[in-house]
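Letter by letter, the chains look like this.
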Amino acid sequence: MLQTGDRAPDFALPNADMEPVSLESLRGRRHGVIYFYPKDDTPGCTLEALEFTDLQAEFEAAETEILGISRDSCTSHGAFRDKYGLAIHLLSDSDGEVCEAYGVWREKEAHGEKRLGILRSTFIIDKSGVVRHVLYDVKPKGHAAQVLDLVRAL
């Protein structure tokens, strides 16, 4: 599991338009909020994405890029973005390598069944690529505002 002070694992993943987005491209210029979510167009994930979108201008003012990552396809991300008017990057980690690198691919239990899935988690990365905050098993409601407060304190 990543800890505060660790170097954030770099990655390059396709966004909803199949264009590559890399963490490296932010270094020296912008902070990064990387949030991992289980599935496009589900109630909690939609709420979280809408809250980040609603605060997009404030994250921009704090020189921060929002990157949402799930294992959904680019096509699924595009439909999700378009359906709700999302203004944040949604990145596809279809093979799960970035989820593994960030320690969010975990065994979860739901309805008495154990299965692997993404643990809703957020990492705040400073401009030098260092993990400044690690938030595991977050609740979607109000999460974006909590993250904005942490980013403003960087």
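Please refer to the structure placed before this passage.
Residues numbered from 1 in each chain as written. Predicted model: local features only at pLDDT ≥ 70, side-chain atom pairs only at ≥ 80, totals over all residues. Heavy atoms only, no water.

## Comments concerning unusual backbone geometry
The residue Asp 41 is not glycine, and still its phi comes out positive at about 60 degrees. Mapped onto the elements, Asp 41 comes out in the loop between strand S3 (31-36) and helix H1 (43-54). Asp 41 sits in the partly exposed class, given a relative accessible area of 35%. At Asp 137, a residue that is not glycine, the phi angle is positive and equals roughly 55 degrees. One can find Asp 137 in the loop between strand S9 (131-136) and helix H5 (143-152). A relative accessible area of 46% places Asp 137 in the partly exposed class. (Helix = DSSP H or I, 4+ residues; strand = E, 2+ residues; numbered from the N terminus. Buried < 20%, exposed > 50% of the residue type's maximum accessible area, 1.4 Å probe, protein only.)

## Concerning the packing of aromatic side chains
Scanning the model with the defined rule gives 10 aromatic pairs in all. Centroid distance Phe 52 to Phe 59: 5.8 Å. Interplanar angle 45 degrees. Geometry classified as tilted. Take Phe 52 and Phe 59: they sit in the same class, and that class is buried. When the centroid spacing of 5.7 Å and the interplanar angle of 85 degrees are considered together, the rings of Phe 123 and Tyr 136 count as edge-to-face. Of this pair, Phe 123 sits in strand S8 (residues 121-125) while Tyr 136 sits in strand S9, and the two are 13 residues apart along the sequence. By relative accessible area, Phe 123 is classed as buried at 0%. The partly exposed category is assigned to Tyr 136, whose relative accessible area is 21%. Ring pairs connect the aromatic residues Tyr 35, Tyr 37, Phe 52, Phe 59, Phe 80 and Tyr 84, which therefore count as one cluster. (Phe/Tyr/Trp six-rings, centres within 6.5 Å; stacked < 30°, edge-to-face > 60°.)

## Quick look at the sheet that holds S8
Reading across the sheet, the five strands line up as S5-S4-S3-S8-S9 and stay open at both edges, with mixed pairing between neighbours. Since the sheet does not close on itself, it has two edges, and those belong to strand S5 (89-92) and S9, each with one partner. Pairwise comparison of adjacent strand axes, ignoring direction, gives a mean angle of 20 degrees for this sheet. Where H1 meets the sheet, its contacts fall on S3, strand S4 (64-70) and S8, and the angle it forms with S3 comes to roughly 165 degrees. Against the sheet, helix H3 (residues 74-84) engages S4 and S5, with an angle of about 160 degrees to S5. (Pairing = 2+ DSSP bridges. Axes fitted to C-alpha atoms, helices over the stretch in contact; angles between N-to-C directions. Contact = heavy atoms within 4.5 Å.)

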